[in-house]
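# Descriptive structure summary
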Amino acid sequence: MPTTDRRTFLKHATRALGTLALVPDLSLAAPRFARGAKLDVALIGAGRQGRAILGELAKLEPASIVAVSDIVESRLSSGLRRVQGAEGFADYREMLERKKPAAVFVATPSHLHVEPCLAALAAGAHVYCEGPLATTVADCQAIAQAARTAGRKFQTGMQGRSNPIYQLARGFLRSGAIRDVVSLRAQFHKKTSWRMTASDPADEAALNWRLDPAVSTGLLGEQGTHQFDVVHWFLDAYPTSVRGAASIQLHADGRTLADTVACELLFPGERRLRYEATLANSFDGTYELFHGTMGAIKLAWTAGWLFKEADAPTQGWEVYANRQQFANEQGITLIADATQLAAQGRLKEGVGLPEPPLYYAIADFLAAVLEDRPVPCPAEEGKRAAVVGILAEQAVRTGETIPLDPALFLANE
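If you're wondering where the values come from, they're calculated on a predicted model, not measured in any experiment.

### Observations concerning the packing of helix 2 (residues 48-57) against helix 11 (residues 357-371)
Relative orientation and spacing of two packed helices are given, respectively, by the angle between their axes and the distance between those axes. Between helix 2 and helix 11, whose axes approach to 10 Å, the crossing angle comes to 65°. As the angle between them shows, helix 2 and helix 11 are arranged roughly perpendicular. Of the two elements, helix 2 crosses helix 11, and the hand of that crossing is right-handed. In contact with Gln49, Ala52, Ile53, Glu56 and Leu57 of helix 2, helix 11 contributes Leu358, Tyr359, Ile362 and Leu366. Taken together, the residues of the contact of helix 2 with helix 11 break down into seven nonpolar, one polar and one charged.

Given below as structure tokens:
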């Protein structure tokens with residue numbers, strides 16, 4: 001091909017890729033909030049995830065952290081050390097009354113989300129609640145109902161929906177790049193115990209709430225919920241049944257909650273999601289995989305790839321796309337802002353996210369509040385994902401196939 005014709009082709013090819021991408025750029029990597037925009041925010045729950053939220057808020061100029069609340073003094077002190085000028089509270093109700101923050105981040109243990117969410121909404125605050133939304137169907141419904149009637153922004157921390165790579169991948173999937181989705185697979189592999197030690201043995205039980213079957217929804221509720229939500233969002237569909245099995249494979253330390261689980265969720269059209277999670281092995285990490293009749297999409301939270309079938313039609317942009325080799329398969333790297341990076345000769349720099357996925361979810365929430373935009377994952381979607389996680393955990397504990405009543409996915413009236 002003559003040089004001029006090739007340049008013309010590549011120019012059109014990059015335009016084609018930009019058209020397929022629902023995320024034309026990574027503007028959230030440096031959010032363009034209105035000059036001088038400020039939002040007083042507060043945090044309820046200064047544990048590990050709460051402190052991660054404080055770290056990401058510190059990168060976002062409009063966020064003014066005015067207060068942090070936690071019932072454990074050591075966690076509260078640790079949270080306050082990460083911000084300047086914030087006031088600490090043991091009682092979040094006092095914090096809401098005295099500081100009157102415009103927005104509140106709830107990062108308490110999952111089974112304790114409902115009360116601070118309802119209190120913050122009642123106080124007139126916008127709310128970002130970490131996922132899962134709650135650990136019982138009743139609590140999920142209560143939060144969704146309150147969010148619906150409060151007239152405030154409410155975002156559930158399902159980070160996939162704010163992830164620029166996932167937004168790009170969803171655009172490919174829904175534009176027909178892999179044609180009809182026929183099966184799905186996902187996993188969470190991380191070798192860790194989930195057990196934490198406390199300086200005071202009296203605090204140990206509360207600290208290890210994730211291992212307590214009385215309040216925890218285990219691996220499927222705590223981790224699977226986030227990945228199930230990705231599938232709901234990509235397919236615009238919810239499962240109709242779930243079955244599975246669970247066991248303790250490594251951590252025989254007195255716990256009764258499984259460290260290894262596997263389940264199968266049936267979706268409309270006889271499509272099945274095979275999901276597994278373990279705390280006993282780290283190989284291949286965390287991912288979601290969509291198999292279509294013309295290709296596959298694999299997502300791993302900070303990276304993503306498109307694998308095309310040999311008989312898939314060529315769309316033009318493939319000739320310039322960045323590629324990676326996986327054994328006998330060659331994957332096209334999904335890169336947000338690919339058109340602009342290609343024009344600058346910096347395509348490989350776009351592999352991966354410049355910030356953690358949590359950053360983009362928080363940035364979306366601040367933008368929703370400050371600019372009156374829709375949140376990416378409202379309480380209703382958070383409820384649906386959490387309910388699937390709750391019932392999946394029930395299925396693996398009992399060994400039963402559990403049907404999922406479509407009424408569970410209806411909006412609260």
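### Here's the deal with the sheet that holds strand 8 (residues 241-247)
Within the open sheet, the ten strands sit side by side as 14-15-13-12-11-7-10-9-8-16. Their pairing is mixed. Of all strands in the sheet, those bounded by a partner on one side alone are strand 14 (323-326) and strand 16 (402-403). Bridge count for strand 11 (residues 286-292) against strand 12 (residues 295-299) is five bridges, and the pairing is antiparallel. Across the sheet, residue Glu288 finds its bridge partner in strand 12, namely Leu299. Helix-sheet contacts for helix 9 (residues 218-235) involve strand 7 (181-189), strand 9 (260-267), strand 10 (271-278), strand 11 and strand 12, and the interaxial angle to strand 10 is about 150°. The sheet strands contacting helix 12 (residues 379-398) are strand 8, strand 9 and strand 16, and the helix crosses strand 8 at an angle near 55°.

### Concerning the packing of aromatic side chains
Going through the model one piece at a time under the given rule, you end up with nine aromatic pairs. Between Phe105 and Phe365 the ring centres are 5.3 Å apart and the planes differ by 80°, which places this aromatic pair in the edge-to-face class. Placement of Phe105 in strand 4 (residues 103-106) and of Phe365 in helix 11 is noted, with a sequence separation of 260 residues between them. Here Phe105 falls in the buried class, since its relative accessible area comes to 0%. Cluster of aromatic residues (ring-pair linked, three or more members): Phe105, Tyr128 and Phe365. Across from the ring centre of Tyr287, 4.5 Å away, lies the NZ or CZ of Lys298, which sits over that ring.

### Describing the pattern of salt bridges
Under the definition given, this model contains 22 salt bridges. Put simply, Arg161 and Asp229 hold a salt bridge, and the shortest N to O gap is 2.9 Å. One end of the pair, Arg161, is in the loop between strand 6 (154-157) and helix 7 (164-174); the other, Asp229, is in helix 9, with 68 residues separating them in the sequence. As a salt-bridge pair, Arg397 and Glu393 come within 2.8 Å of each other at their nearest N and O atoms. Residue Arg397 and its partner Glu393 are located together in helix 12, separated by four residues, close to a single helical turn. Judged by relative accessible area, which is 42%, Arg397 ranks as partly exposed. The class for Glu393 is buried, based on a relative accessible area of 6%.

Parameters at a glance
- Residues numbered from 1 in each chain as written.
- Predicted model: local features only at pLDDT ≥ 70, side-chain atom pairs only at ≥ 80, totals over all residues.
- Heavy atoms only, no water.
- Axes fitted to C-alpha atoms, helices over the stretch in contact; angles between N-to-C directions.
- Helix = DSSP H or I, 4+ residues; strand = E, 2+ residues; numbered from the N terminus.
- Parallel < 35°, antiparallel > 145°, perpendicular 65-115°, else oblique.
- Left-handed = near helix turned anticlockwise from the far one by under 90°.
- Contact = heavy atoms within 4.5 Å.
- Nonpolar A, V, L, I, M, F, W, Y, C, P; charged D, E, K, R; others polar.
- Pairing = 2+ DSSP bridges.
- Phe/Tyr/Trp six-rings, centres within 6.5 Å; stacked < 30°, edge-to-face > 60°.
- Buried < 20%, exposed > 50% of the residue type's maximum accessible area, 1.4 Å probe, protein only.
- Lys NZ or Arg CZ within 6 Å of the ring centre and 35° of its normal.
- Salt bridge = Lys/Arg side-chain N within 4 Å of Asp/Glu carboxyl O.

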